[in-house]
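An overview of the molecular structure
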Amino acid sequence: MSQANNNNLAADIWSLADLLRGDFKQSQYGRIILPFALLRRLECVLADTKQAVLAELPKVEAKKLPEDAQEQLLLRATRTATNPKGLSFCNTSPMDLSLLGENNIKANLERYILCFSRDARGIFDYFKFSDFIGLLDDANLLYKIVQKVATMDLSLTSVSNHDMGKVFEELIRKFAESSNETAGEHFTPRDIVTLTTALLFCEDDDALSKPGIIRTIYDPTAGTGGFLSEGMEYLYKHNPQAVMRAYGQELNPESYAICKGDMLIKGQDISNIKLGNTLSNDQLQDESFDYMLSNPPFGVDWKKIEGEIKAEHEVKGHAGRFGPGLPRVSDGSLLFLLHLISKMRPVEQGGARIGIILNGSPLFTGGAGSGESEIRRHILQNDLLEAIVALPTDMFYNTGIATYIWLLTNHKPAERTGLVQLIDASNLYGKMRKSLGSKRNEISDEDIARIVRTFGGFEVVETQLLDKTADVKSNRGRPAASAKADTPKTFASKIFPTHAFGYRRVTIERPLRLSWQFSQERLSTLRFDSGTLNSAMQWIYADYGAAYWQDNLSCPDYGQLHDYEAEIRRHLKKHFADLKEKQIKDLLDAKLWRSQLALLLKARALQPHIGDAQHDDFNRYDAQLKAACKTAGLTLDTREKKQLADAVSWKNPQAAKVIKKVHKTAARPLYGLFAEGGEVREYQPDTELRDYENIALDPSRSVNEVNEAYFLREVQPHVPEAWMDDSKRDAQDGEIGIVGYEIPFNRHFYQYQPPRPLEEIDAELDAVSAEIMALLQEVHS
């Protein structure tokens, strides 16, 4: 059945909404139409074996067996010459939708559903179908709906399982549009499903050729079961004697119900399809699989389940799913990838393959040492990543962003070991005649075949121009006199060693240079706290203290603000809204004001002994301050010394470097130990001048050799006094620099487009300026 016919059938089913309009909200349409469509599909699938089941029913009932045993005996009656395995469900009612009658339609329909085998009737509970049956009956619509549904031909001969899956997806899309939900949360477009499935099976010759081989397939974000269905159909198409067992978990009850119904029709054990949040409640935690496919939600945060995820990460470590690291809470895509990796069948049991669709964020988000980087590091250092395929934009129903297919395996063939293939298929698409939500583009079978051949052949494809129609440009606005040239549509494939995506982030330090001066202006700042309270204290002093308080600790009024507390609070709440209650209390407390005054008075007492001249060598500051304190008979605690030093000093590129420590070891200038002044000095780093260099990994040389060569080549010629901080080391290998991994996909496939000639741009500007002047003259005239 063509896509147009699928859409027509979906439209016919959705026309049930015409009967519902007025009595039900739009957001309820799908919750009525979907279960009725599924009910009719189940009924049509059972039609050929219905009489055989009914004939067997009296014999089975006479044996007085438990329900499960009775079901197993009745299911034998569904075996036919064309389907020797039989069906996995049945219905023991002599009625069908067309025979339920108008009288007692509610009771008849409920009884009919109860006559389905346990797994089948349980599906309707997730739709809360019985509730809607009651509402339809109250609105006198139930009989009309049943009669219309009974006329629909949803038999296997008319609508294949593959096409029925597409019909359900189109119904869900309509449901999502009518209820302002997101269709893309429930299913993945079939062209993307087909491509991902073909890539997943491309490397498994045994599965596609050995008769009787058994494989398992798993989707942790199963939706309506599109990936599971496509995976099974792909295998059976190439190897009809193979056996595929499907597993999945889905969060949305309606999608879960449709997935279970689809798996039931296909003869799968639907107890393997679970309902719930995969990340926080993995209901298949003891299982591992051969094939895994997933399209997790893009950019969805995991704050609601943060506690469970972090607990598993911290308690279980690598024995759990999230040992390598945790991404930021705002995007849980990489959590699904880690979940799938944990489900890989061990290599000694044949290994596993993963196909997952992710947006661009997991490629590069997070610097060295971050959770995202550590996850990429785990994947690449364990050689799990086989390939990444860049897809066109506007491929999904709910977003037009760039997306990528990641292919992973734990049993790479020898020729792929240690290598990663990147395929830029972002221009392999055709425009759809009619957009479906945000989906405006589709990948043809021919384009799918091209991508699969490139991947399967492990080919390096130099940039090739594609014979693709240029995108239609918007006709809004004023067109440029000389239109910008269209970006050529290309296709390419490149292969990289895994370490090519790794780097070390090395911290580069430069020495702190300070001048200092005991000037009246600098000492006056000591009256106020040097932190977050500084601005508020300056305002309070200007309005309430300057005219009344004396700079004397014996002055009883200094710092007393009780009489003005209410008005000060009002002002602070309005103009210093960031201050917390504890900070406001501190501002109103005389103790803070008097402690700052005490420091100010001490500094003023020291000034005659130190002078007010500027000094450009801060290394002499401590000695002079100590001598002045001794002469003046003053003592300063640690806090006072720190605030005083901060008040009287400032950064000056012309000042001497501040010495942190003198060492007795040999000089190591690349790592901050300099032989100067007849000694080996370590200088205090200037945090504002701190920088970082990302140095590419090179496993053919030692880490220090790579770092030092880079530093001598790229850093030292420009900043001779800089050094590498050898205390910043990687937590895993202990070497200098924090290891990071990123996959800058676009950078590897970037094509430089030269700008237009300057003369051409100038001519266009002159023409536009002349036109504007002519229009202005018309206005003035």
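Before reading on, note that the structure itself is shown above.
What this report covers is the structure whose coordinates are included nearby. None of these values were measured; they are calculated from a predicted model.

The rules behind these values
- Numbers given to residues run from 1 along each chain, matching the order in which its sequence is written.
- The predicted origin of the model limits local features to residues at a pLDDT of at least 70 and limits the giving and counting of side-chain atom pairs to 80 or more, whereas totals for whole chains, interfaces and linings rest on all residues.
- Side-chain metrics in this entry use all non-hydrogen atoms of the structure; hydrogen atoms and water are not considered.
- Counting from the N terminus, the helices are DSSP H or I runs at least four residues long and the strands are E runs at least two residues long.
- Radius of gyration means the value over C-alpha atoms here, while the globule rule gives 2.2 Å times the residue count to the 0.38 power.
- Exposure classes here rest on a 1.4 Å probe applied to the protein chains alone. A residue is buried below 20% of its type maximum, exposed above 50%, and partly exposed in between.
- The contact definition used throughout considers only heavy atoms, calling two residues in contact when any of these lie within 4.5 Å.
- Residue exposure ignores everything except the shown protein chains as possible cover, and the areas themselves are Shrake-Rupley values with a 1.4 Å probe.
- Counting rule applied: Lys, Arg positive; Asp, Glu negative; His and chain ends not counted.
- Working definition for charges: the position is that of NZ of Lys, CZ of Arg, CG of Asp or CD of Glu.
- The term salt bridge refers to a side-chain nitrogen of Lys or Arg lying within 4 Å of a carboxyl oxygen of Asp or Glu.
- Here the rule is simple: two strands pair whenever DSSP picks up at least two bridges between them.
- Between N-to-C directions, angles cover 0 to 180 degrees, with each direction set by a line fitted to C-alpha atoms, over the stretch in contact for helices.
- Any pair of Phe, Tyr and Trp rings, taking the six-membered ring for Trp, is counted once the centres come within 6.5 Å. Such a pair is stacked with planes under 30 degrees apart, edge-to-face with planes over 60 apart, and tilted for the rest.
- Charge over a ring is defined by NZ of Lys or CZ of Arg lying within 6 Å of the ring centre and within 35 degrees of the ring normal.
- Between 65 and 115 degrees an angle is taken as roughly perpendicular, under 35 as roughly parallel, over 145 as roughly antiparallel, and anywhere else as oblique.
- Crossing handedness is read from the near helix: turned anticlockwise from the far helix by less than a right angle, it gives a left-handed crossing, and turned clockwise, a right-handed one.
- Using protein atoms alone on a 1 Å grid, points that fit a 1.4 Å probe yet trap it form a cavity, whereas open point sets bounded by protein on both sides within 12 Å along at least five of seven lines form a pocket; residues with an atom within 4 Å of a point count as lining.
- Grid points are joined across faces, edges and corners, and a volume is the space filled by probe spheres set on the points.
- Here the term charged refers only to Asp, Glu, Lys and Arg, the term nonpolar to Ala, Val, Leu, Ile, Met, Phe, Trp, Tyr, Cys and Pro, and the term polar to all other amino acids, Gly among them.

What about the overall build of the chain?
For the chain, the count of helices and strands is 29 helices and 21 strands. Taken over the C-alpha trace, the chain has a radius of gyration of 37 Å; the compact-globule value for 781 residues is 28 Å, which it surpasses by more than 25%. Seen through its C-alpha atoms, the chain measures out along the principal axes to roughly 115 × 85 × 70 Å. Burial status across the chain gives 49% buried among its 781 residues. Nonlocal contacts in the chain, meaning residues at least 24 apart in sequence, comprise 77% of its contacts between residues at least 6 apart. With the model as given, the accessible surface of the chain reaches about 38,400 Å², and the carbon-plus-sulfur share is 49%. Taking the average location of the 94 positive side-chain charges in the chain and that of its 109 negative ones, the two points are 3 Å from each other.

Side note on the side chain of Lys50
With respect to the helices and strands, Lys50 occurs in helix 4 (residues 50–62). Lacking a salt bridge, the buried Lys50 has Asp96 as its closest oppositely charged neighbour, with an N-O distance of 5.8 Å. Once residues within four sequence positions are removed from consideration, Lys50 is found in contact with Asn91, Ser93, Met95 and Tyr112.

Digging into the environment of Leu391
Assignment of secondary structure puts Leu391 in the loop between strand 6 (385–390) and strand 7 (403–409). On a C-alpha basis, the gap between Leu391 and Ile357 in space is 9.6 Å, while along the polypeptide they are 34 residues apart. Setting aside residues no more than four positions away along its own chain, Leu391 makes contact with Ile192, Leu195, Thr403, Ile405, Ala425, Ser426 and Ile443.

Quick notes on the sheet that holds strand 5 (residues 353–359)
Pairing is mixed in the open sheet, where ten strands are placed in the order 3-2-1-4-5-7-6-8-12-11. Unpaired on one side and paired on the other, strand 3 (273–275) and strand 11 (461–465) mark the two borders of the sheet. Taken over all neighbouring pairs, the strand axes of this sheet differ in orientation by 15° on average, direction set aside. Pairing geometry for strand 6 and strand 8 (residues 419–424), over four bridges, is parallel. Pairing of Ile388 across the sheet is with Leu422, part of strand 8.

Points about the packing of aromatic side chains
Scanning the model with the defined rule gives 24 aromatic pairs in all. Each ring, one from Tyr247 and one from Phe289, has its centre 5.0 Å from the other, and the planes form 55°; the classification is tilted. Of this pair, Tyr247 sits in strand 2 (residues 243–250) while Phe289 sits in the loop between strand 3 and strand 4 (291–294); the two residues are 42 residues apart in sequence, bridging distant segments of the chain. In this structure, Tyr247 and Phe289 share a single accessibility class: buried. These aromatic residues form a ring-pair network of at least three members: Phe36, Tyr112, Phe116, Phe124 and Phe129. Directly above the aromatic system of Phe455 lies the positively charged group of Arg416, at a separation of 4.3 Å from the ring centroid.

A word on the packing of helix 6 (residues 105–114) against helix 9 (residues 142–150)
Interaxial distance between helix 6 and helix 9 falls to 10 Å at its minimum, and their mutual angle equals 50°. Between helix 6 and helix 9, the angle falls in the class oblique. When the axes of helix 6 and helix 9 are compared, the crossing they make is left-handed. The segment helix 6 lies against helix 9, with Ile105, Lys106 and Leu109 engaging Leu142, Tyr143 and Val146.

Structural notes on the layout of surface pockets
A volume near 1,400 Å³ is recorded for the largest pocket. Forming the boundary of the largest pocket are 44 residues, of which Asn83, Gly86, Ile265, Lys266 and Gly267 lie nearest the centre. Those elements giving two or more residues to the lining of the largest pocket turn out to be helix 3 (26–46), helix 5 (67–76), helix 7 (118–126), helix 13 (226–238), strand 2 and helix 14 (253–265). Sorting elements by how many residues they give to the lining of the largest pocket places helix 5 first, with five residues. Taken together, the residues of the lining of the largest pocket break down into 17 nonpolar, 15 polar and twelve charged.

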